[in-house]
2 protein chains.
Amino acid sequence: MALVVQKYGGTSVATVERIRSVAHRVIDRKKQGDDLVVVLSARAGDTDNLLKLAREMSPRPDPRELDVLLATGEQITIALFSMAVKDLGYEAISMTGYQAGIITDHTHGGARINWIETLPIMEKLREGKIVVVAGFQGYDDEGNITTLGRGGSDTTAVALAAALKADVCEIYTDVEGVFTTDPNVYSKARKLKRISYEEMLEMASMGAKVLHLRSVEFAMKYNVPILVGSSFTDAPGTLVTREEPEMERVVVSGITYNKNEARITVADVPDVPGMAYRLFKPIADHGINVDMIIQGQGGVPGRANISFTVPKPDYEEAIRLTETIAREMGAGPVHGNPHIAKISIIGVGMRSHTGVAGRIFETLARENINIMMISTSEIKLSCVIDEKYTELAVRVLHDAFELHKDPQGHMAVKEES
Amino acid sequence: MALVVQKYGGTSVATVERIRSVAHRVIDRKKQGDDLVVVLSARAGDTDNLLKLAREMSPRPDPRELDVLLATGEQITIALFSMAVKDLGYEAISMTGYQAGIITDHTHGGARINWIETLPIMEKLREGKIVVVAGFQGYDDEGNITTLGRGGSDTTAVALAAALKADVCEIYTDVEGVFTTDPNVYSKARKLKRISYEEMLEMASMGAKVLHLRSVEFAMKYNVPILVGSSFTDAPGTLVTREEPEMERVVVSGITYNKNEARITVADVPDVPGMAYRLFKPIADHGINVDMIIQGQGGVPGRANISFTVPKPDYEEAIRLTETIAREMGAGPVHGNPHIAKISIIGVGMRSHTGVAGRIFETLARENINIMMISTSEIKLSCVIDEKYTELAVRVLHDAFELHKDPQGHMAVKEES
C-alpha cells in the first residue's frame, strides 16, 4: 500500500465532465489500496479571468487582496471534485491551503513554502478518505492567504509528497510524459521512461512546458520521485528521479529549443574589472532577465566582445539600454538579432563521454547551420542559431544521437495502454 | 467617533463600477472619523451560479463541499472591494469568515453563529483599517467552512455589530428603507423613520423583503440598532430599534400582503384530543410549512372546522395529503383555494388601542371584501381574502389608518438628501 500524491492541472479539470472523469481515475487508484492525496489547479481559464477582473478593479491590485481573489479558483475545483468522488460512493474531503497546513512566507503572488503541518492530512488519510488539496496556495504566519506564483500547483504537490514522505508524486497534464524532443517538431521523438532531476531541470528551464522548475528543484532537494503523465489516457509516463549510475550510459537524453530569445552583442568593451557589472546591472534593474552570456576576445587588444541573450519581448528596451551604456563606457558598436533560437542538448552522460560537442558541431555544419553562440554546463550544451533553422537543427541532432531508439537500442514503439 | 458595521448586498456590489461607488461611500464615512466594518455579499447572481454548477456536478451535492464552493462568492467580493478602497488611498483588509473569527455550529448550508472572536477585527480597527468581512460564512470547531443560509449576510452584519458592541448596524439594499406598505402597490406609502424589532419581525416574516427574519431576531436579542437604507442614494433610512413608549402612540405601523399562500379547509373534524396532530404531523413530515391555522366550531356538535394555509407551490401535495387524512379520520369534505392573499396590519400600538380590529373589518366590508380567515397576535392582525382584492385592500386600509401621514400628523414628503 503506497502513499501517492497526484496533481491534475487546469485543462484536466476544466469542465464538470473532465472532473468526473478524473474522479473515476482517482477512485480506480484508491481501489488498488493506495492512500491518495489529490492536488488540483483552478479550472483552465479561471485564474486568468480573476486576474482580468482584478485589473478592471484596480490598475495595480493590492498583492494581499489579489491572493485572496486568486485562491478562489482552486477552492472551486476542490469542492466540485470532492462532490464528484462522494457521488461515486467514496469518502473525500477538500482542504484549502490553510486547512492543509501549507505555511509560506509573506511574498504575495510568489510565496515560498516554509513548512507543511502534515497532521490534518494524515488524520483524514487514516480515516480512509481521499484528501483533495487546493494547489497554488498557502497561508503565512499571520493567517493571510498566499499564492505560490506560476507553477504553484506542481510545487504544492511535490512539497506535500516530500512532507508526507509519499512513495511518488504523480503530475498529470495534457502530454503523456517527457519526450526526447517536442513531438510536434519531430515525429521520431520518443517518450522517456526515466530522466534525472538535473536533466529535467535543464529541460524545464529550457522551455519544456511539462514541469515547472521550482517543483523539480524541490523534488531533487527532498528526493521525491515524480511521475509525469497524461490525465486523458492511461499511457505510462516518465519517471523523474535521482540520477543513477546506469543513466550515464545514455549520452544524450533530450533536445529542447527556445525561440523566445533575442541576441545582443557589444563589440570592443574595455576589458577591465567591473565592465560586466556596468553593462548588466542596469539591464537587471529594468527587470530584464539575461540568459546566456558569452565573453570573448575582441578584435583589439585589451578589448572584449560580449554577447548575451534576453527574452524577445524585452529586446527593444534592452538594445536601447545597451547602446546607451556602450556609449558611456566607450565600447564599440552594438548589434542585435531577435531572430534566433537556442537549441540545447541535454544529458547526464555528457559528463563522462567525450566527443559530444564535436558531434553537435559536425552535425550542424553539415547542414550549413551557423552557430552564433555556444554555452555549456556539466550536462548541457546550448547553441544559438538563426531561428529559421530551428526545426531542422532539432531533427538532425535527434538523428545524430539516435534519440528515437530507447537505451536498449530498440526503435521506439508508440506505447498504448 | 462611532463603531459602525455596514452591510451591502449582491446588487450593491454586482459590478466593478458598483463596488467602486460603494468604496467611495465607505471612505466618506471613514473621513467623518468612524471606525468601519463592512460586510459584503457575493455579487448578484454568483451564489445562484455556483449552486447551478454544484447541481451539474452532483444531483445531491455534499453539504460540506457545497459550503466550500459557495464561500468563494463572498471571498471574491471582499478582495475586489479592498482593492478598490486601497486604490483610493485608504487602508483596508479583507477577512473571510474564518479570519474574522465567526464560529458556527456544524449545520452546513444553514449554520448558526455560536461565537465571534473579536480580537482579529479589533486589532485591525485599532490600526485604523477598514475591515471588510465576507458575509454568509463562518467556520465550525473542526475548521470546516460553513455558510449561514439565506439572509446570511444580514445575520453576519448584525452578529458582528453585537459582538463588537457597535453603535449601529447599517444594512444597505436597493430600497430606501421600510415603508408603511409596498410603494409599488400604493404610491401614498410612507417611509418610516423608526420601527420596533417586533414590528419588523412581523413585517419580515410577512414577506417584506428588506431584512431577513434571523437578523432581526438577533438584533432584538442583543439590542443592536439597525439602520436600513439604500446603497444607491443618500436618502435617510429606517431605524429599527427596541420598542420605546412613544412608539405605542402610533396605532398601526404598516400593512403587508402575501399572495404566495393557499388555503385548505377540512370540515367536521372529530373534535377530540390528537386530531390536530393527526392532521398536521404528516403535512410537516412532507416538509410543508403551515402558516395560519384557524379552528372553529363545525356545523355538527362534537365536530370542528379547521382551516390552514400553506405555501402555494405545496398546495397540490398538501390538499392530496389532507384528503387522505380526512378520509382516515372520518372528517367531512376538504376544500381548497389557492387564489388567496394574506393582508397583515402591524403595529405595537395595537396592544393599547381598542377598535383596531373593528376599523379593519369595517373598512373591508365597505368594499365588499369578504374575510375568509382571521388570525391575530399582540401586534398583528392578519386577514385572508380573495387575492383579486389584494391591492384594493392594502390601499383602503392604508387610508383608513392614515398611514400616509407621519406620526406628527404631517403628510409624507418624499425626502431628498
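Residues numbered from 1 in each chain as written. Chains lettered and ligands numbered in written order. Predicted model: local features only at pLDDT ≥ 70, side-chain atom pairs only at ≥ 80, totals over all residues. Heavy atoms only, no water.

## Considerations on the overall build of chain A
Then, in step 1: Helices and strands together make up the secondary structure of chain A, namely 11 helices and 20 strands.
Then, in step 2: In terms of C-alpha radius of gyration, chain A reaches 24 Å, essentially the compact-globule figure of 22 Å for 417 residues.
Then, in step 3: Oriented by its inertia axes, the alpha-carbon framework of chain A measures out at about 75 × 55 × 35 Å.
Then, in step 4: Within chain A, the fraction of its 417 residues that count as buried is 56%.
Then, in step 5: Residue pairs in contact within chain A that sit at least 24 positions apart in sequence constitute 74% of those at least 6 positions apart.
Then, in step 6: Accessible area of chain A: about 17900 Å², with a carbon and sulfur share of 51%.
Then, in step 7: Of the charged side chains in chain A, 46 are positive and 56 negative, and the gap between their average positions amounts to 2 Å. (Helix = DSSP H or I, 4+ residues; strand = E, 2+ residues; numbered from the N terminus. Rg over C-alpha atoms; globule rule 2.2 N^0.38 Å. Buried < 20%, exposed > 50% of the residue type's maximum accessible area, 1.4 Å probe, protein only. Contact = heavy atoms within 4.5 Å. Areas by Shrake-Rupley, 256 points an atom, 1.4 Å probe, with all protein chains shown as cover. Lys, Arg positive; Asp, Glu negative; His and termini not counted. Charge placed at Lys NZ, Arg CZ, Asp CG, Glu CD.)

## As for the packing of helix H8 (residues 275–285) of chain A against helix H9 (residues 315–328) of chain A
Residue and element names in this part refer to chain A.
Then, in step 1: Running from amino to carboxyl end, H8 crosses H9 at an angle of 150 degrees, the nearest separation of the two axes being 10 Å. Classified by the angle their axes make, H8 and H9 are roughly antiparallel. Read as a crossing pair, H8 and H9 show a hand that is right-handed. For the pair formed by H8 and H9, the contact residues are Arg278, Leu279, Pro282 and Ile283 on the first element and Leu321, Thr322, Ile325 and Glu328 on the second. (Axes fitted to C-alpha atoms, helices over the stretch in contact; angles between N-to-C directions. Parallel < 35°, antiparallel > 145°, perpendicular 65-115°, else oblique. Left-handed = near helix turned anticlockwise from the far one by under 90°.)

## Side note on the side chain of A:Arg263
Residues and elements named next belong to chain A.
Then, in step 1: Residue placement: Arg263 occurs in strand S14 (residues 261–270).
Then, in step 2: Asp386 is the oppositely charged side chain nearest to the buried, salt-bridge-free Arg263, at an N-O distance of 9.4 Å.
Then, in step 3: Excluding anything up to four places from it in sequence, Arg263 contacts Ser307, Phe308, Thr309, Tyr315, His335, Gly336, Asn337, Ile340, Met372, Met373 and Val384. (Salt bridge = Lys/Arg side-chain N within 4 Å of Asp/Glu carboxyl O.)

## Some thoughts on the packing of aromatic side chains
Then, in step 1: Enumeration over the complete set of coordinates arrives at nine aromatic pairs over all chains.
Then, in step 2: For the ring pair A:Phe280 and A:Phe308, a centre distance of 5.1 Å and an interplane angle of 80 degrees mean the geometry is edge-to-face. Here A:Phe308 lies in strand S16 (residues 303–311) and A:Phe280 lies in helix H8, a separation of 28 residues in the sequence.
Then, in step 3: You can call A:Phe280 buried: its relative accessible area is 14%.
Then, in step 4: Ring geometry for B:Tyr98 versus B:Tyr139: centroids 4.4 Å apart, planes at 45 degrees, classification tilted. Placement of the pair is B:Tyr98 in the loop between strand S3 (92–95) and strand S4 (102–104) and B:Tyr139 in strand S7 (residues 137–139), with a sequence separation of 41 residues.
Then, in step 5: According to the relative accessible area criterion, B:Tyr98 is partly exposed, its value standing at 31%.
Then, in step 6: Through successive ring pairs, a cluster of aromatic residues spans A:Tyr98, A:Tyr139, B:Tyr98 and B:Tyr139.
Then, in step 7: The ring centre of B:Tyr172 lies 4.7 Å from the NZ or CZ of B:Arg25, which sits over that ring. (Phe/Tyr/Trp six-rings, centres within 6.5 Å; stacked < 30°, edge-to-face > 60°. Lys NZ or Arg CZ within 6 Å of the ring centre and 35° of its normal.)

## Topic: the sheet that holds strand S2 (residues 35–40) of chain A
Residues and elements named next belong to chain A.
Then, in step 1: Pairing is mixed in the open sheet, where eight strands are placed in the order S3-S6-S2-S1-S9-S11-S12-S10. Since the sheet does not close on itself, it has two edges, and those belong to strand S3 (92–95) and strand S10 (194–196), each with one partner. Neighbour to neighbour, the strand axes of the sheet diverge by 20 degrees on average, direction disregarded.
Then, in step 2: Contacting strand S1 (3–8), S2, strand S6 (130–134), strand S9 (168–173) and strand S11 (226–230), helix H1 (residues 16–31) crosses the sheet at an angle of about 170 degrees to S1. (Pairing = 2+ DSSP bridges.)

## Overview of the domain arrangement of chain A
Then, in step 1: When the domains of chain A are assigned, the result is domain 1 (3–174) and domain 2 (244–417).
Then, in step 2: When each unit is reduced to the centre of its C-alpha atoms, the spacing between domain 1 of chain A and domain 2 of chain A is 36 Å. (Domains from an automatic or database assignment.)

## Description of the relation of the copies chain B and chain A
Then, in step 1: Superposing chain B onto chain A requires a rotation of 180 degrees together with a translation of 0.0 Å along the rotation axis, leaving an RMSD of 0.1 Å. The relationship between the two copies is best expressed as a two-fold rotation axis. Among all residues of chain B, the minimum C-alpha distance to the rotation axis is found for B:Thr72, at 2.7 Å.
Then, in step 2: Both copies share a contact surface, since 100% of the interface residues of chain B are interface residues in chain A too. (Least-squares fit on C-alpha atoms with pLDDT ≥ 70 in both.)

## Side note on the UniProt feature "domain: ACT" (unreviewed entry) in chain A
Then, in step 1: Feature annotation in UniProt assigns "domain: ACT" (unreviewed entry) to the following positions: residues 264–348 of chain A.
Then, in step 2: Secondary structure across residues 264–348 of chain A comprises 29% helix and 38% strand; the distance between its end C-alpha atoms is 30 Å. (UniProt positions renumbered as here; feature names shortened; annotations may be inferred.)

## Concerning empty space enclosed by the protein
Then, in step 1: Going through the model one piece at a time under the given rule, you end up with one cavity of 30 Å³ or more.
Then, in step 2: In this structure, the largest cavity spans a volume of roughly 280 Å³.
Then, in step 3: If you trace the largest cavity, you find 21 residues lining it, with A:Thr96, A:Tyr98, A:Ile145, B:Thr96 and B:Tyr98 closest to the centre.
Then, in step 4: Sort the elements by how many residues they give to the lining of the largest cavity and strand S7 (residues 137–139) of chain A lands first, with three residues.
Then, in step 5: Residue classes in the lining of the largest cavity are distributed as seven nonpolar, 14 polar and no charged. (1 Å grid on protein atoms, 1.4 Å probe; cavity = no way out; pocket = protein on both sides within 12 Å on 5 of 7 lines; lining within 4 Å. Points joined across faces, edges and corners; volume = space filled by probe spheres on them. Nonpolar A, V, L, I, M, F, W, Y, C, P; charged D, E, K, R; others polar.)

## Some remarks on the interface of chain B and chain A
Then, in step 1: Each partner contributes residues to the interface: chain B has 40 residues there, and chain A has 40 residues.
Then, in step 2: Both faces combined, the contact of chain B with chain A buries some 3200 Å², and carbon together with sulfur accounts for 63% of it.
Then, in step 3: Inspection of the chain B/chain A interface yields two salt bridges.
Then, in step 4: Its salt-bridge partner being B:Lys86, residue A:Asp62 comes within 3.2 Å of it at the nearest N-O pair. (Buried area = accessible area lost by both parts, 1.4 Å probe.)

## Brief notes about the UniProt feature "binding site: ATP" (unreviewed entry) in chain A
Residues and elements named next belong to chain A.
Then, in step 1: The UniProt entry lists Lys7, Tyr8, Gly9, Gly10, Thr173, Asp174, Lys209 and Val210 under the feature "binding site: ATP" (unreviewed entry), expressed in the numbering used here.
Then, in step 2: Note on placement: Gly9 falls in the loop between S1 and H1.
Then, in step 3: For Gly9, the contacting residues outside a window of four places in its chain are Ser41 and Tyr172.
Then, in step 4: Position of Asp174 among the secondary structure elements: in the loop between S9 and S10.
Then, in step 5: Among residues more than four places away in sequence, those in contact with Asp174 are Thr11 and Phe232.
Then, in step 6: A polar atom in the side chain of Asp174 sits 3.2 Å from the side chain of Thr173. (Polar contact = N/O pair within 3.5 Å; in protein donor to acceptor, adjacent residues only side chain to side chain.)

## Quick notes on the confidence of the model for chain A
Then, in step 1: On average, residues of chain A carry a pLDDT of 92, and 97% of them reach 70 or more.
Then, in step 2: Reported for the predicted complex are a pTM of 0.85 and an ipTM of 0.84. (pLDDT = per-residue confidence, 0-100.)

## Things to note about the pattern of salt bridges
Then, in step 1: Summed over the entire model, instances satisfying the criterion amount to 48 salt bridges over all chains.
Then, in step 2: Close ionic contact of A:Arg25 with A:Asp234 constitutes a salt bridge, the shortest N to O distance being 3.8 Å. Taken together, the positions of A:Arg25 in helix H1 and A:Asp234 in the loop between S11 and strand S12 (238–241) put the pair 209 residues apart, joining distant regions of the chain.
Then, in step 3: The shortest N-O distance in the salt bridge between A:Glu243 and A:Arg351 comes to 3.1 Å. Of the two residues, A:Glu243 is situated in the loop between S12 and strand S13 (254–258) and A:Arg351 in the loop between strand S18 (340–346) and helix H10 (356–366); the sequence distance between them amounts to 108 residues.
Then, in step 4: Owing to a relative accessible area of 23%, A:Glu243 belongs among the partly exposed residues under this scheme.
Then, in step 5: Several salt bridges converge on common partners, so that one network encompasses A:Asp62, B:Lys86, B:Glu91, B:Lys124, B:Glu127 and B:Lys129.

## Some thoughts on the pairing of S9(A)
Residue and element names in this part refer to chain A.
Then, in step 1: With respect to burial, S9 is a largely interior element, six of its six residues being buried.
Then, in step 2: Residues Val168, Glu170 and Tyr172 of S9 are buried on one face, and the alternating residues Cys169, Ile171 and Thr173, pointing to the opposite face, are buried as well.
Then, in step 3: Summarising the sheet, S1 and S9 pair through five bridges and their orientation is parallel. Its bridge partner lying in S9, Val5 is registered against Cys169.
Then, in step 4: With five bridges joining them, S9 and S11 adopt parallel strand pairing. Following the sheet pairing, Ile171 is matched in S11 by Val228.

## Things to note about the pairing of strand S20 (residues 380–386) of chain A
All names here are of chain A.
Then, in step 1: With six of seven residues buried, S20 is to be regarded as a mostly interior element.
Then, in step 2: Looking at chain direction, S18 and S20 are connected through seven bridges and run antiparallel. Among the inter-strand pairings, Ala341 is bridged to a residue of S20, identified as Ile385.
Then, in step 3: One ladder, built from five bridges, connects strand S19 (residues 373–377) with S20; its direction is antiparallel. Across the sheet, the residue bridging to Thr376 is Leu381, located in S20.
Then, in step 4: Hairpin remark: S19 followed by S20, antiparallel, with two residues in the connecting loop.

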